[in-house]
Each structure stands twice: as C-alpha cells, then as structure tokens.
Amino acid sequence: MTYRIALGLWTAAGLAATAASAQTTAPSPAADPAPVVIAVTDTANLRKLADKAGYTGDPHVYYVFNVPEKTVILGKAGGKPGIDTGDWPAGVKLALTIGGTVYGGGGNGGNGGDVPGTTEGTRGGDAIFVRAPMTILVGTTGAIKAGGGGGGGADGGSQGGSGGGGGFPDGLPGQPGSPTHSGSPYLATGDFGHIGSPAGGGLGGQRGNIGGKGGDAGQAGESAGRAGGGAGNAIRANGNTVQFYNYGQLYGVVN
C-alpha cells in the first residue's frame with residue numbers, strides 16, 4: 001500500500017486550486033474519461049451509490065465522489081465506518097474529495113462487573129474503509145477523523161464496577177455492574193459510562209470502581225478492569241494503493 005501527501009499524478013498547484021474550491025470535482029489526468037460526479041451526504045457505500053445512479057459494472061469509467069462543504073458524515077456507534085468504498089472491478093478510476101467532515105463511529109464502552117460482567121471496550125471505526133485503489137483529497141474545509149475506542153469496564157468486587165465511556169464521536173456507554181448482597185436483589189453501585197460525542201470520548205462511570213474513559217478522535221479507549229478498545233483508522237487501505245492529498249484536518253492513521 002502506498003499513499004502520498006503532496007505530489008502524485010497531478011501538480012501540487014492544481015490540487016491546491018481544487019482544494020480551495022471545496023472539491024466539486026477531482027483533478028483529472030487528460031487520458032481519463034470524463035468523471036461522473038456523485039455527492040455523498042450521509043454514511044454510505046460508494047459502490048451502492050454508483051449502482052443507484054446507473055452504474056452497470058463497466059471498468060472503463062471514472063467516478064468522483066464528493067463530500068460537500070459543511071456536510072457531516074457520521075459512522076454508526078460500535079465502530080462502523082463513515083464511508084465504505086465497496087467493491088469495484090479492476091480498472092475503474094475512483095476519487096473521493098472531502099470538503100466536509102467524515103467521522104468513523106465510536107467504539108462502545110465496556111460493561112462494569114460483577115453483574116452483567118466486566119467487558120472490554122470495542123474498537124473505534126474507520127472514517128474511510130477502502131476496498132479498491134483510489135485517490136482521496138481533503139480540501140481546506142475538510143476533515144477525516146477516526147473513531148475513538150470505547151473505555152474498558154471496571155471490575156466489580158464489593159463496590160460494583162462502572163461502565164466505560166463511549167468513544168468519539170458517538171460510542172455508546174457501558175452498563176454499570178452490580179455486586180451480590182445476601183438476602184437482597186442485586187444493588188447497582190456502579191454507574192453508566194457517558195456517551196461519546198464530537199467533543200471527545202465519554203467519561204467512564206464514576207461510582208464504585210471507575211470505568212475507563214472513551215478515546216478521543218483517533219485514540220484508544222482507556223483501560224479499567226478490562227482493556228479499552230483500539231482506535232479506528234482515518235483511512236484503512238486494506239493493501240490497496242491510495243494516493244492521498246491532505247489540505248485539511250486528519251485525526252488517525254492512514255494505512
């Protein structure tokens with residue numbers, strides 16, 4: 001897998017001009033067919049968007065997917081990607097230009113112990129999950145932010161364990177744990193973690209044993225009794241060649 005930060009098939013000046021105009025199209029080499037431009041305004045599989053727009057599987061096409069300025073694409077909680085490219089036949093030319101923001105979904109916080117039982121936080125989501133070679137350009141108004149991992153649940157014991165916080169930007173909180181008391185029903189002394197938000201990972205529950213905090217953008221969740229979830233990637237290339245040009249914000253790794 002390779003990616004390039006500034007130079008590639010097109011000149012840096014041409015790319016900068018495209019970025020400044022919030023990328024309604026990507027720069028096109030002269031030998032390419034005319035690009036088909038499709039707007040991306042919500043969590044999406046790009047292949048499915050193309051199919052819906054009439055794509056029939058022809059490998060001799062050039063698709064440009066554009067996330068417009070001020071658009072926010074939010075991967076679902078539990079570590080889902082913001083954008084999945086989908087599968088494409090070899091030979092198709094693909095570009096994704098980003099003037100808005102693409103978030104990977106936040107990992108969920110782990111549960112506290114003893115009841116329902118301590119669990120680990122789950123992994124944060126990838127902002128962009130790549131399944132075919134492509135070009136990705138982030139403009140001056142654009143941002144790619146990987147999901148944060150969920151915080152680990154706290155151990156129970158005599159106090160009960162609190163749930164871990166959800167990871168950035170929308171991870172769900174872990175449940176509180178309850179110790180067993182003789183002659184009485186379960187008594188919850190732990191607390192729920194806090195949901196993740198675009199401001200950062202949620203705090204772990206603070207009663208009893210404290211749960212782990214959810215990870216911020218591109219960061220792993222904190223461990224408590226159990227491990228926090230790992231961070232998502234800004235771009236997960238899965239071994240595909242990605243030519244990457246960044247003029248905006250990037251939180252998380254590209255690999």
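The structure reproduced in this document is the subject of the present report. The structure displayed is predicted, hence computed values, not measured ones. (Residues numbered from 1 in each chain as written. Predicted model: local features only at pLDDT ≥ 70, side-chain atom pairs only at ≥ 80, totals over all residues. Heavy atoms only, no water.)

1. Some thoughts on the overall build of the protein chain
To be explicit about the condition: Secondary structure elements are defined from DSSP: runs of H or I of at least 4 residues count as helices, runs of E of at least 2 residues count as strands, and each element is numbered from the N terminus. Residue exposure (1.4 Å probe, protein chains only): buried if accessible area is under 20% of the type maximum, exposed if over 50%, otherwise partly exposed. By definition, residues are in contact when any of their heavy atoms lie within 4.5 Å. Only the protein chains shown count as cover for residues, with accessible areas throughout obtained via the Shrake-Rupley method and a probe of 1.4 Å.
Scanning the protein chain from N- to C-terminus turns up two helices and 13 strands. Residue burial in the protein chain is summarised as follows: out of 255 residues, 50% are buried. Long-range pairs, those at least 24 residues apart, make up 74% of the contacts in the protein chain between residues at least 6 apart in sequence. Total accessible area on the protein chain is roughly 10600 Å²; 53% of this is exposed by carbon and sulfur atoms.

2. With respect to the sheet that holds strand β7 (residues 101-103)
Selection criterion: Two strands qualify as a pair provided that DSSP identifies no fewer than 2 bridges between them. Here, axes are lines fitted to C-alpha atoms. For helices the fit covers the stretch in contact, and angles between N-to-C directions go from 0 to 180 degrees.
Read from one edge of the open sheet, four strands run β4-β7-β10-β13, paired in parallel fashion. With one partner strand each, in any of the chains shown, β4 (72-74) and β13 (249-251) form the two edges of the open sheet. Averaged over neighbouring strand pairs, the angle between their axes works out to 5° when direction is ignored. Across three bridges, the pairing between β4 and β7 is parallel. Along β7, the bridge assignment pairs V72 with T101.

3. Overview of unusual backbone geometry
Residue D114 follows G113 across a cis peptide bond; omega there is 15°. Locating D114 in the fold gives a position in the loop between β7 and β8 (128-129). Cis geometry marks the peptide bond from F168 to P169; its omega dihedral reads -5°. Tracing the backbone shows P169 in the loop between β10 (143-145) and β11 (235-236). We note that K70 has phi near 75°; this positive angle belongs to a residue other than glycine. As for its position among the elements, K70 is in the loop between β3 (62-67) and β4.

4. Description of the pairing of β3
With six of six residues buried, β3 lies mostly within the body of the structure. Neither face of β3 is exposed, since Y62, V64 and N66 on one face and Y63, F65 and V67 on the opposite face are all buried. As judged from the four bridges shared by strand β1 (residues 36-39) and β3, these two strands associate in the parallel manner. Along β3, the bridge assignment pairs V36 with Y63. Direction of pairing for β3 relative to strand β6 (residues 93-98): parallel, over a ladder of six bridges. Bridge pairing in β6 places F65 opposite L96.

5. Here's the deal with the environment of P59
Summarising the element assignment, P59 is placed in the loop between α2 (46-52) and β3. P59 sits 34 residues away from K93 along the chain, and the two C-alpha atoms are 8.2 Å apart. With near-sequence residues (within four places) excluded, P59 lies in contact with P89, A90, G91 and V92.

6. Observations regarding the nonpolar core
Spelled out, the test is: To define a nonpolar core, start from buried Ala, Val, Leu, Ile, Met, Phe, Trp, Tyr and Cys residues and group those joined through side-chain atoms within 4.5 Å.
Counting 32 residues, the largest nonpolar core has F65, W88, I128, I136 and I144 as its most contacted members. Elements supplying a minimum of two residues to this core: α2, β3, β6, β9 (134-138) and β12 (242-246).

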